[in-house]
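# Summary of structural features
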Amino acid sequence: MSNPYLNSTIPSPCYLCDEALLKRNLELMQHVQQQSGAQIILALKGFSMWSTFPLIRQYLVGCTASSVWEARLAAEEFGREVHAYAPGYKSHEIDTLLPLVNHISFNSLNQWHTYRDKTLAAGVSPGLRINPEHQEAETELYDPSAPGSRLGVRVSELSAEALEGIEGLHVHNLCECDSYALERTLEAVEAKFGDYLHNMKWLNLGGGHLMTRAGYDVDHLIGLLKRLQETYKLQVILEPGSAVAWQTGPLIAEVVDIVENEGQIAILDISATAHMPDVLEMPYRPMITDAREPGVLAHTYKLGGNSCLAGDVIGLYSFAEPLKPGSRIIFEDMMHYTMVKTSFFNGVEHPSIGILRESGDFDLIRKFEYQDFRDRLS
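Notes on the structure follow. Computed from a predicted model, the values in this text were never measured in an experiment. (Residues numbered from 1 in each chain as written. Predicted model: local features only at pLDDT ≥ 70, side-chain atom pairs only at ≥ 80, totals over all residues. Heavy atoms only, no water.)

Turning next to the environment of Asn-107. Mapped onto the elements of the fold, Asn-107 is located in the loop between β5 (103-106) and α5 (109-122). Residues Asn-107 and Gly-360 lie 253 residues apart in sequence; the distance between their C-alpha atoms is 45 Å. Once you skip the residues sitting within four places of it in the chain, Asn-107 turns out to touch Tyr-85, Ala-86, Pro-87, Arg-129, Arg-150, Leu-151, Gly-152 and Val-153. In this structure the side chain of Asn-107 is engaged in a polar contact, spanning 2.9 Å, whose partner is the backbone oxygen of Arg-150. Within the local environment of Asn-107, its side chain forms a polar contact with the backbone nitrogen of Gly-152, the two atoms lying 2.8 Å apart. (Helix = DSSP H or I, 4+ residues; strand = E, 2+ residues; numbered from the N terminus. Contact = heavy atoms within 4.5 Å. Polar contact = N/O pair within 3.5 Å; in protein donor to acceptor, adjacent residues only side chain to side chain.)

The structure is reproduced here in C-alpha cells:
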C-alpha cells in the first residue's frame, strides 16, 4: 500500500495534518475527561492550527493562551473557554484580555496585586502560578522548575493573606512526560502547597502530559486526577499542547540538489532554522520515513536546508535508494511545536499547510505568498 503522504496533490514543502490521527488523540483525551472528571484544554503555544478547531472543540472544553493574540484566536476561532497565563502582563494587555478569558493565572504576587481589582470586577477567575521546585524536564531549555527560574511563585513567598481572592493554582514543570513524572510532581506540590489547595476552586496542572504517546499509563493518570479532585474538592485542569497533535502528521519536503563535500549533501526545499528550529535549539533529531542512522542503509546523506545560515543542517541519514532532485522526504511528527515556531528567515518559502481528511482527500488550507513575507516586516 502506497504512502498517502506521497499523494501527488500534496505540494512540497507542506505541513500535513492527518485528520484521522488527530481524531484518535482527541478520543483518548475525551476518555480521560469522562473517567477522571478533569478538564482538558488545548495549549495554543504547542498547536494553534485553527482550521482544525471545529474538530477539536467537539472533544476539548477550551484553549489556554500565552498572549493576547493567542487569547483572541481562542475566543474568535475556538469559541469555548479561554484560559490565560503569561510571565508578565502590561496594563493595556489586561484590559484586552479580561473580556476574552474565563481564567487568568498570574506569574507573581506583584502582578496579581496590581491587577486584582480589575480581574475580580470583570468576573474572571484568578489564579497564581506556583513553582514546586521539582524538576522533571530532561532539556534545560524547557525546564520551568530549574534553579533561578522566572516562572511561578515559590512556597517561601506565599501566605494565606497574599492569596486572598485567588481561586486557583497553576503548576507546570513537565515536558513530554509520563504519568509517573506527574505523580512525583504532585507529591512535591502537595507537600509544599497542600494547605492552600483546600481553599482553591481549581488546580491547573499545565502541559507536558504526553498521554497520547504509545505506552503512556492512561489508567494511572486517571487515578491521580480522581484522587486530587476528591481530596481537595476542586476542578483539575490539564492543558497539553504536544499530546493533542502528537504523531498527527509530517512536514513534507523535497530534494532540490545534491552537492559533495566530504560526503553527499542533499539540499532540501525547507530550512531547519526557519521551519523546524528545535533541530538547532535543543538539539533535536527528527524521524524520517524509511530513513535510518548514517551507514545503516546503502546511501548516506547530510540533509541541509536552503537558507544561507551555515549551520542550517538537519543531520545525517541513510536511505535504501539514492536521493536525487525531486525525491520526497517525510519528516514525521511535525504538527506540535514545529509549525508555531516557524519564521520567514531569509525569505525562504514557507511550507504550505494542509489536511489529509479521513476520506483520503487532501485539502490545501494555506499557501504562503510573497506578500506574507513582506507584510510581516515594514
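This paragraph deals with α5. The end-to-end C-alpha distance of α5 is 19 Å, a good match for the 20 Å that 14 residues give at a rise of 1.5 Å each. Along α5, the sharpest change in direction is near 60 degrees and occurs at Tyr-115. Turning to α5, its buried residues number three or more, namely Leu-109, Gln-111, Trp-112, Tyr-115 and Thr-119. Contact partners of the buried residues in α5: α4 (91-97), β5 and β6 (125-130). (Expected span 1.5 Å × (residues − 1). Bend = angle between axes of the 7 residues up to and from the residue. Buried < 20%, exposed > 50% of the residue type's maximum accessible area, 1.4 Å probe, protein only.)

With that settled, the discussion passes to the packing of aromatic side chains. Scanning the entire structure with this criterion turns up 7 aromatic pairs. Note on Phe-106 and Trp-112: the rings are 5.9 Å apart at their centroids and 45 degrees apart in plane angle, and the pair reads as tilted. As far as the burial class goes, Phe-106 and Trp-112 line up, both buried. Between the aromatic rings of Tyr-301 and Phe-319, the centroid separation amounts to 6.1 Å while the plane-to-plane angle is 65 degrees, which identifies the pairing as edge-to-face. Of the two residues, Tyr-301 sits in strand β13 (residues 299-304) while Phe-319 sits in strand β14 (residues 313-319), which places them 18 residues apart along the sequence. Judged by relative accessible area, Tyr-301 falls into the buried class, the value being 1%. The class of Phe-319 is buried, set by a relative accessible area of 7%. Aromatic ring contacts, followed pair by pair, group Tyr-89, Phe-106, Trp-112 and Tyr-115 into a single cluster. Sitting above the plane of the Tyr-317 ring, Arg-285 keeps its charged end 3.9 Å from the centroid. (Phe/Tyr/Trp six-rings, centres within 6.5 Å; stacked < 30°, edge-to-face > 60°. Lys NZ or Arg CZ within 6 Å of the ring centre and 35° of its normal.)

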